[in-house]
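Given next are the chains, with one letter for each unit.
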Amino acid sequence: MQNNIVIIGTQWGDEGKGKIVDWLTESAKAVVRFQGGHNAGHTLVINGRKTVLHLLPSGILHAGVQCLIGNGVVVSPEALLKEIGELELLGINVRNHLSISEACTLILPYHVRMDQAREAKKGTAKIGTTGRGIGPSYEDKVARRAIRIQDLFDQTIFANKLKENLEYYNFLFEHYYNVPVLDFNQICDSILTYAKDIKPLVSDISRKLFNLRKNHQKVIFEGAQGTLLDVDLGTYPYVTSSNCVAGAAATGSGISPKMIDYVLGIVKAYTTRVGSGPFPTELTNEIGEGLAQRGKEFGATTGRARRCGWFDAAALKRSIQINGVDGLCVTKLDVMDGIEEIKICVGYIRNGKKYDILPFGSDLVVKCEPIYETMPGWTDSTAGITEYAKLPTTAKNYLKRIEEIVTTPIDIISTGAERSETILINDMLFK
Ligand code: GDP
Ligand code: IMO
Ligand code: MG
């Protein structure tokens with residue numbers, strides 16, 4: 001049985017997770033987010049209509065599907081209600097199938113100010129964060145001073161915790177970062193107003209998932225960011241502040257790791273990265289520009305241009321091992337149409353030695369010179385193809401070579417942004 005499917009990004013995010021989660025949700029009972037926050041931007045395109053989700057699980061457009069936000073997610077009450085409101089304006093009922101864990105850590109205005117002040121102080125050495133307060137919020141959680149969703153519903157508890165935290169942050173703003181301090185009353189009043197709207201959504205997510213399991217229901221665990229942005233296993237320190245790997249699905253939603261049946265790794269047919277940090281196969285020439293243009297590589301959250309490069313099979317190998325990827329979904333194959341000669345990175349030279357897998361941490365990755373294999377490209381269009389047999393032979397060869405290098409099957413291929421522009425190879429995923 002493949003009831004609990006974890007879907008994670010195997011690169012630096014934006015692999016197309018949202019599209020695939022939405023598409024697979026057709027056969028699921030629930031979708032759960034387990035880490036990250038509104039730094040994520042997951043795009044769904046259905047009958048030409050584009051929806052970008054940041055905090056809400058990508059199953060939200062399926063009316064009968066439970067959408068859950070697990071304890072591992074950092075939640076900005078303001079961003080959450082804004083996103084719900086935007087969908088409601090489109091006539092989508094969100095609240096009747098959305099539940100949020102009371103154990104979620106909050107993102108409050110001082111986290112956003114801290115994120116931005118810290119980036120400004122770093123200057124050219126900045127991480128290139130989304131500026132949404134993600135890092136500082138996770139820091140508070142680990143420092144055991146975080147304010148959580150459950151604290152919103154007791155005004156005294158909330159006000160006391162806010163006072164203590166704000167004192168600390170305001171001291172740093174004033175004396176270390178030289179930025180304006182924030183006002184206690186303003187934050188307290190506005191957040192407590194949001195609390196009323198959030199309270200009906202709060203639920204025991206861990207228990208819900210346990211019961212869904214008991215009843216043999218299918219659940220999709222939706223990762224945000226990507227493996228190479230994982231705070232432990234990515235290109236540290238140019239990473240996000242959460243664990244984005246499959247293992248985090250358990251800790252971030254309150255299930256046992258034994259409940260994960262299947263891990264689907266999403267990978268683009270090339271590579272992109274937004275923000276700073278090393279990127280061995282980056283292309284700063286017209287081929288990279290072509291990928292950016294055809295792939296519309298602009299961030300779904302910040303609108304920043306994404307850096308583009310060749311497919312990195314040696315990095316994918318690392319991701320497959322870390323996540324225990326059972327099968328891959330290759331997205332954006334159509335963006336590779338029309339490239340005469342394609343390169344695949346199969347390893348690196350670092351300090352004169354050969355490596356066949358990406359090392360951990362930015363300082364080592366930055367020294368990796370890619371070793372490429374070259375393959376012929378294809379001129380026919382793959383855009384919108386929904387049957388494997390109809391793909392050009394050279395495109396099939398490209399996919400086969402990827403499978404061979406990383407010794408993992410490709411279960412799904414995506415040939416366009418539309419929900420329907422998808423090729424299913426392993427139909428067990430839908431059963
Ligand atoms: P996520 O963060 O992993 O959910 O990915 P994003 O939504 O940030 O970025 C993926 C972008 O590629 C979005 O604009 C999608 O609409 C688009 N997309 C997804 N799959 C495909 C595909 O197969 N082909 C093309 N051309 N675009 C795709
Ligand atoms: P989805 O879920 C791509 C990147 C930022 C920055 C670093 C740290 O859409 O794939 P943060 O604000 O998290 O502290 O920023 O991580 N980043 C993403 N890049 N896709 C994402 O999410 C990302 N979320 C964060 O650009 O380099
Ligand atoms: Mg994205």
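Residues numbered from 1 in each chain as written. Chains lettered and ligands numbered in written order. Predicted model: local features only at pLDDT ≥ 70, side-chain atom pairs only at ≥ 80, totals over all residues. Heavy atoms only, no water.

Student: So what's going on with the overall build of the protein chain? Residues and values would help.
Tutor: The helix and strand inventory of the protein chain stands at 12 helices and 20 strands. Taking 431 residues into account, the globule formula puts the C-alpha radius of gyration at 22 Å, and the protein chain, at 21 Å, falls close to it. With the C-alpha coordinates of the protein chain rotated into their principal frame, the extents come out at 65 × 50 × 40 Å. Counting only contacts in the protein chain whose residues sit at least 6 apart along the sequence, the fraction spanning at least 24 positions is 76%. For the protein chain, the exposed surface amounts to about 17900 Å²; the carbon and sulfur share of it is 50%. Each charge class in the protein chain can be summarised by its mean position, and for the 49 positive and 48 negative side chains these summaries are 3 Å apart. (Helix = DSSP H or I, 4+ residues; strand = E, 2+ residues; numbered from the N terminus. Rg over C-alpha atoms; globule rule 2.2 N^0.38 Å. Contact = heavy atoms within 4.5 Å. Areas by Shrake-Rupley, 256 points an atom, 1.4 Å probe, with all protein chains shown as cover. Lys, Arg positive; Asp, Glu negative; His and termini not counted. Charge placed at Lys NZ, Arg CZ, Asp CG, Glu CD.)

Student: Which residues make up the side chain of T25, and what are the values?
Tutor: Counting through the fold element by element, T25 comes out in the loop between α1 (17–24) and β2 (30–33). Accessibility expressed as a relative area gives 1% for T25, which makes it buried. Once residues within four sequence positions are removed from consideration, T25 is found in contact with V31, G59, H62 and V65. (Buried < 20%, exposed > 50% of the residue type's maximum accessible area, 1.4 Å probe, protein only.)

Student: How would you sum up the site of ligand 2? Please name residues and give values.
Tutor: Contacts to ligand 2 come from 20 residues, most closely from D14, K17, H42, T130 and T240. Within the backbone of D14, a nitrogen or oxygen atom sits 2.8 Å from an oxygen atom of ligand 2. Interatomic distance of 2.7 Å between a side-chain N/O atom of K17 and an oxygen atom of ligand 2. Looking at which domains feed residues into the shell around ligand 2, each of domain 1 (4–94 + 204–430) and domain 2 (105–199) supplies at least three. (Near = heavy atom within 4 Å. Polar contact = N/O pair within 3.5 Å; in protein donor to acceptor, adjacent residues only side chain to side chain. Domains from an automatic or database assignment.)

Student: Outline the coordination of the magnesium ion (ligand 3), supporting the account with residue identities and numerical values.
Tutor: Ligation of the magnesium ion (ligand 3) by protein atoms is provided by D14 (OD) and G41 (O), these donors lying 2.0 to 2.2 Å from the ion. A residue pair is termed long-range when its members are at least 10 positions apart, and D14 in the loop between β1 (4–9) and α1 and G41 in the loop between β2 and β3 (42–46) qualify at 27 residues. With a relative accessible area of 10%, G41 lands in the buried category. (Donors = N, O, S within 2.8 Å, 3.2 Å for Na, K, Ca; no water.)

Student: Help me get a handle on the site of ligand 1, residues and values and all.
Tutor: Near ligand 1 you find 19 residues, and of these K17, G41, T43, D334 and S414 are the closest. A distance of 2.8 Å separates an oxygen atom of ligand 1 from a polar atom in the backbone of G41. Between ligand 1 and the protein, one listed contact pairs an oxygen atom with a backbone N or O atom of G416 at 3.0 Å. If ligand 1 stood free it would expose 590 Å²; the protein chains cover 92% of that surface. Looking at the shell around ligand 1, the elements that each hand over two or more residues are α1 and β3. Classifying every residue of the shell around ligand 1 gives four nonpolar, eight polar and seven charged. (Nonpolar A, V, L, I, M, F, W, Y, C, P; charged D, E, K, R; others polar.)

Student: So what's going on with the environment of L201? Residues and values would help.
Tutor: Note that L201 resides in the loop between α6 (184–198) and β9 (202–203). A relative accessible area of 3% places L201 in the buried class. Filtering out sequence-adjacent residues up to four positions away, L201 remains in contact with I84, R95, L98, S99 and I100.

Student: With reference to specific residues and values, describe the pattern of salt bridges.
Tutor: On inspection of all chains with the given rule, the structure shows 19 salt bridges. The partner of E297 in a salt bridge is K268, and the shortest N-O contact between them spans 3.0 Å. Highlighted residues: E297 in the loop between α9 (286–294) and β13 (307–309) and K268 in strand β11 (residues 262–268), separated in sequence by 29 residues. Comparing E297 with K268 shows no difference in burial state: the two are buried. Among the salt bridges present, the one from E297 reaches K332, with a minimum N-O distance of 2.9 Å. Of this pair, E297 sits in the loop between α9 and β13 while K332 sits in the loop between β15 (327–331) and β16 (341–350), placing them 35 residues apart in sequence. Summarising the burial analysis for this pair, E297 and K332 share the class buried. Taken together, the shared-partner salt bridges connect D14, K268, E297, R306 and K332 into one network. (Salt bridge = Lys/Arg side-chain N within 4 Å of Asp/Glu carboxyl O.)

Student: Describe the packing of helix α3 (residues 109–122) against helix α5 (residues 155–177), and please don't skip the residues or the numbers.
Tutor: Across the interface, α3 lies against α5 with an axial gap of 11 Å and an inter-helix angle of 20°. In this view, α3 runs roughly parallel relative to α5, as classed from their interaxial angle. Regarding α3 and α5, the two cross each other, and that crossing is left-handed. Contacts from Y110, H111, R113, M114, A117, R118 and K121 of α3 reach α5 at L162, N165, L166, Y169, L172, F173, Y176 and Y177. (Axes fitted to C-alpha atoms, helices over the stretch in contact; angles between N-to-C directions. Parallel < 35°, antiparallel > 145°, perpendicular 65-115°, else oblique. Left-handed = near helix turned anticlockwise from the far one by under 90°.)

Student: Which residues make up the sheet that holds strand β7 (residues 98–101), and what are the values?
Tutor: Note on sheets: strands pair through backbone hydrogen bonds, and any given pair is parallel or antiparallel. Strand order in this open sheet of 10 strands is β9-β7-β5-β2-β10-β1-β11-β15-β19-β20, and the pairing throughout is mixed. Strand pairing shows two members of the sheet lacking a second neighbour, β9 and β20 (422–424), which therefore form its edges. Strand direction decides the pairing type here: β2 and strand β5 (residues 66–69), joined by four bridges, are parallel. Looking at β5, one finds that R33 is bridged to I69. (Pairing = 2+ DSSP bridges.)

Student: With reference to specific residues and values, describe the pairing of strand β4 (residues 49–53).
Tutor: Summarising the sheet, β3 and β4 pair through five bridges and their orientation is antiparallel. If you follow H42 over to β4, its bridge partner there is L53. Hairpin geometry of β3 and β4 is characterised by an intervening segment of two residues between the two adjacent antiparallel strands and by a positive phi of about 50° at N47.

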